Amino acid sequence: MIPALVIAAVVLTASSGLLGLPLRRWPARAQRLSSAALCLGALVGVTGAVLALRAPTPPALALPWAAPGGTFSLRLDGLSALFLLPVLVVPSLGSIYGLAYYPQARHGARAIRLQIFYGLVTGAMALVVTAANAILFLAAWEVMALSGYFLVVTEHEDAEVRRAGFVYLASAHAGNLALFALFLLLGQVAGSLDFGAMAGLPAHGGVAAAIFLLALGGFGLKAGMLPLHFWLPGAHAAAPTHVSALMSGVLLKTGIYGLLRVTGFFEAPPAAWGTVMLAGGAVSAVLGVAFALAQHDVKRLLAYHSVENIGIIAMGIGLALLGRARGDPALVLLGIGGAVLHVVNHATFKALLFLGAGAVVHATGTREIDRLGGVARAMPRTAALFLVGAAAICGLPPLNGFASEWLVYLGSLRTALDVGAAPHPHFAVLGAPVLAFVGGLAAACFAKVFGAIFLGQGRSPLAANAHEAPGAMLAPMLVLAAICVVIGLAPGAVLPWLARAAAHWSGLPAEALAGPAAEAGASATRVSGVAAALVGLVVALAAFRRRRLPAPQPRAETWGCAYARPTARMQYTASSFAEMLVVRFGWAFFPRARVVPPQGIFPRRASFEASVPDTVLDVGVAPAASFLARLAARARSPLLGSVQLQALLLVSGLVALLLWLALGGSPT
Amino acid sequence: MIRAAISFVAFLALSPLLLGVVNRVKALFAGRTGPPLLQLYFDLHRLLGKGAVYGVATTWVFRAGPVIGLAAVIAAGLVMSFGGAPALVAFPGDFVLFAYLLGLARFFTALAALDTGSSFEGMGAAREVTFSSFAEPALFLCLVVMARASGALSLSGMLGDELAAAWHVQGPALLLAAVALLGVALAENARIPVDDPNTHLELTMIHEVMVLDHSGPDLALVQYGAALKLFLFGALVVRLTLGFPIASPALSLLAFLGGMLGFGVAIGTVESTVARLRLVRIPQLLVGATVLSAFALVLLLR
């Protein structure tokens, strides 16, 4: 029954874009139909996921399938069901947003193509997180990766977009290569390509280490862990906004899901795995937010924040792996609980931020932060919703970002005390100050983004002509903001689900996790109490303030040291706001600046331009790739360029293979 | 519970007095009589009776800044343990909530500053968020040291009766942490050598320039919030340095208040005798505090 709901959801969402095709002559209706199909599919799937989370045992389904080594088997354990929720909710809200942001009536065939792949990627992601067979998983993964490419290159007239799309496609396939090798190895060790047979593998030896490293490479590339994040900022900036929200909010998370799934197969992962994840996550978090601080383009900036948040999630996974290595169920619960809750939370607030940024881009026509300003007066609702997302991503209470980061903090702090079966490696406690540093930098970054875009005065005419976003764009943002608030006020409500995911991931009996879960639940109740007190205090103080200042108060020019002719261009810009922090990361950045200094007593022209390219892509990968391409071009003999010769080579290769088979070679 | 409630009320009521002590000490050093000890109470009362003027660029964010800022600091007081008394709310990891509530206050103060559209206030906000992101790791390292030394993960446990035993065993580490914590407290509360609360030159200010445009009741909320925040950090430093157990709750409260008086005198002394650092040196001070507390942690974990 429950797997059937999931299959129905996959079919409905994947075909939602096609449903609109017959109505091409009525574009508005066609788009509404496909959006409705996507939402209906999501609703069906979410029902299935919630039912699966309440079922006594994980619901599963296995059907025969003609693919070699493949069975069409689905399984909804705690992990799959929890991932399924954001995977379905975020795209369905995005498609409603698309009604106003990317109307078919205006964009025609391009919007149709976008909707087809938007539905397809949603269905594929739903299948990825529920598949229980390697072949099915890889097939869904490939559909997801390819649809993602077509979504990125929606506006392919732009050379920048084509480049971002190509980088995405190339890195996605490099990752796929690692995944093929990974599942081949896993299949060989387990003797079957079914995930069920892979549970409880021994984690020692070179093969297990190779599997872990391949998972880190293949899935890390999809998740965007530093230094494998290089495809991500370009792709997120190039895609239409609701596609960016989908990619950043949930597509990246399939990489996290894969990492969790594969590490969950092993009986007792060595502490080194946890150490690698924890350290990698910490580096990803710090440098992700540092790169974000240096960006001028709001969508690139948000994309780098995904790198940061993936780092925080990886830190949680690392702690859980350490907990399993040392036999400490409480650490497993806190690590996995923090990581999985942060997956859900990041999906909501990052989608909210992207949709909010998209509304601003829609209204002003620019993504340059430094050309905006004062937009909150024209777009008060968008501003308020964006602010909720900004506070949530900084981990500020009483919003959901705090709840998940707090769990990761608790896990990290636990390693400082000598508790559990065996003492933990103490370096893990350094996760707490690292998270604090990341939190401080994130707050700085979002003070910059929100301040420069929404507050103050418009820095260009673009900002002055802004208009409030239509209801179809505001409603999805409102839903996402509400989720942020609800999870933030009552984090204890989701703890049983997190404990279930932790039990299914680690293979620990539910009883072993019940104690730590109850303890964390009691603490979460107190967090809720303080959060409620905070909200009450804000309401009371606001009422007090209003009683003191009833009538409309006089307005005056902002104090500017008595300077008589202030202009909006004299405001502190986003670049100068972040400058003090950015210079301290100069060792990682390779910033480029073009300065024409003012000269003479009456200087005529002076200019300053600065940009921070992506260190890994623009300094590392791209030059290396073009060097390889040049080398390959030189190595290729001109003769081989002819089609006939290539056909001949192909045919002779085939013949050789056939001969080898005929002479008794075996294909395996 | 009653003890916690009394401490909390003392926190709300006595915070402005602490600033009065600091200012009186500074006046004595300068050879002046100085303002009365209760000056901030008079100021708050006067400001609450006044109207307010708003900049033309400001929106509701500017009005929300002081309200959320004060509410967050009061909420942070809910989890703080004052002088060894248990906090009103205590749970493992509550100091994370404490630090993030102060972060919430800072975030909205910075946004309110940016809302004015003034480049001075933008400058102040940029400095505030920059320096605080360097202060956060130091603060957390100090708290981790205290957690490790006392074996508890809640502020009430860390600052409770186990602290005395911890001083016997882990004295040097706690001493280093206390020094680092004092540095963080000075930075977070905009005191010399990081920031000068009395300066009149916008270009050199950090916290004061951010609240330059607030007036009337809004300014009262901001100033009261700043006093509460100083009291919170004072409570942390004082209890850490005076960690001995006292059986009688009343005596213990008295000892704590005496310690807070000493904290006020110490801040006033530092402000009168130390020169303000150049802006570029401030991150070095904070990184220094981070290194000190990291060293303390190493001592504990060796």
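Residues numbered from 1 in each chain as written. Chains lettered and ligands numbered in written order. Predicted model: local features only at pLDDT ≥ 70, side-chain atom pairs only at ≥ 80, totals over all residues. Heavy atoms only, no water.

J.: Residues and numbers for the overall build of chain A, please.
T.: Helix and strand counts for chain A come out as 27 helices and five strands. The C-alpha atoms of chain A give 26 Å as radius of gyration, which agrees with the globular expectation for 668 residues (26 Å, within 12%). Across its three principal directions, the C-alpha atoms of chain A cover 95 × 70 × 55 Å. Residue pairs at least 24 apart in sequence account for 80% of intrachain contacts in chain A once pairs closer than 6 positions are excluded. As displayed, chain A has an accessible area near 25900 Å², and 68% of this comes from carbon and sulfur atoms. Side chains of chain A give 43 positive and 23 negative charges; the mean places of these two sets differ by 9 Å. (Helix = DSSP H or I, 4+ residues; strand = E, 2+ residues; numbered from the N terminus. Rg over C-alpha atoms; globule rule 2.2 N^0.38 Å. Contact = heavy atoms within 4.5 Å. Areas by Shrake-Rupley, 256 points an atom, 1.4 Å probe, with all protein chains shown as cover. Lys, Arg positive; Asp, Glu negative; His and termini not counted. Charge placed at Lys NZ, Arg CZ, Asp CG, Glu CD.)

J.: Could you give an account of the interface of chain A and chain B, naming the residues involved and the relevant values?
T.: At the interface, 70 residues of chain A touch 76 residues of chain B. Both faces combined, the contact of chain A with chain B buries some 6400 Å², and carbon together with sulfur accounts for 76% of it. Three residues, R545(A), R555(A) and Y572(A), lead the burial of chain A against chain B; their summed loss comes to 10% of the area buried on that side. Our count for the contact surface shared by chain A and chain B stands at one salt bridge. As a salt-bridge pair, R545(A) and D218(B) come within 2.7 Å of each other at their nearest N and O atoms. The tally of links from chain A across to chain B stands at 15 residue pairs in polar contact (both at pLDDT 80 or more). Among the elements that make up the side of chain A that touches chain B, the one with the highest residue count is helix α19 (residues 431-454) of chain A (14 residues). Here the residues of the side of chain A that touches chain B sort into 48 nonpolar, twelve polar and ten charged. (Buried area = accessible area lost by both parts, 1.4 Å probe. Salt bridge = Lys/Arg side-chain N within 4 Å of Asp/Glu carboxyl O. Polar contact = N/O pair within 3.5 Å; in protein donor to acceptor, adjacent residues only side chain to side chain. Nonpolar A, V, L, I, M, F, W, Y, C, P; charged D, E, K, R; others polar.)

J.: Residue-level account of the layout of surface pockets, with values.
T.: Residues and elements named next belong to chain B. Of the volumes computed, that of the largest pocket is approximately 970 Å³. Broken down by secondary-structure element, the contributors of at least two residues to the lining of the largest pocket are α1 (2-30), α2 (39-48), α3 (60-79), α4 (94-115), α8 (207-210) and α9 (216-241). Per-element accounting of the lining of the largest pocket gives the leading share, nine residues, to α9. Here the lining of the largest pocket is built from residues that sort into 22 nonpolar, twelve polar and eleven charged. (1 Å grid on protein atoms, 1.4 Å probe; cavity = no way out; pocket = protein on both sides within 12 Å on 5 of 7 lines; lining within 4 Å. Points joined across faces, edges and corners; volume = space filled by probe spheres on them.)

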